[in-house]
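# Architecture and fold: a report
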Amino acid sequence: MKNCIACGMPMKKESDFAMGDTKKDYCVYCARPDGSMQSFEEKKQGLINFTIKTQGLEKGVAEKAVANMMSKLPAWQEYFQK
Ligand SMILES: [Zn+2]
């Protein structure tokens, strides 16, 4: 079993993988319609909107929570190097 490199979701079945391709390292939620991985900004905005909607957080709080979460994921390491 792999975890998505872009959001950390465990990918257990084929349909969890982008395009149903188990060789991919990211999940169906992190893929664009053409199967490529979303960019850092796309994923960040998506997660912020998702966090606001599901947890009812203020935008600033959601942005911090998302940045904190993304900083732990392999796909985005280069964006957090200081
Ligand atoms: Zn993902």
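Residues numbered from 1 in each chain as written. Predicted model: local features only at pLDDT ≥ 70, side-chain atom pairs only at ≥ 80, totals over all residues. Heavy atoms only, no water.

If you look the protein up in an unreviewed UniProt entry, it shows as AraC family transcriptional regulator from Acetobacterium tundrae.

Okay, the environment of Lys44 next. Note on placement: Lys44 falls in helix H1 (residues 40-55). Leave out the neighbours within four places in its chain, and Lys44 touches Val66 and Met70. (Helix = DSSP H or I, 4+ residues; strand = E, 2+ residues; numbered from the N terminus. Contact = heavy atoms within 4.5 Å.)

Moving on to the layout of surface pockets. By volume, the largest pocket amounts to about 200 Å³. Lining the largest pocket, in full, are Cys7, Gln38, Lys43, Gly46, Leu47, Phe50, Thr51, Thr54, Gln55, Val66 and Met69. Only H1 and helix H2 (59-70) provide two or more residues apiece to the lining of the largest pocket. If you tally residues by element for the lining of the largest pocket, the top one is H1, at seven residues. Its residues assigned to classes, the lining of the largest pocket comprises five nonpolar, five polar and one charged. (1 Å grid on protein atoms, 1.4 Å probe; cavity = no way out; pocket = protein on both sides within 12 Å on 5 of 7 lines; lining within 4 Å. Points joined across faces, edges and corners; volume = space filled by probe spheres on them. Nonpolar A, V, L, I, M, F, W, Y, C, P; charged D, E, K, R; others polar.)

Right, let's get into the UniProt feature "domain: Putative zinc ribbon" (unreviewed entry) in the protein. What UniProt calls "domain: Putative zinc ribbon" (unreviewed entry) maps, in this numbering, to residues 4-77. From the first C-alpha to the last, residues 4-77 spans 14 Å; its make-up is 39% helix and 3% strand. (UniProt positions renumbered as here; feature names shortened; annotations may be inferred.)

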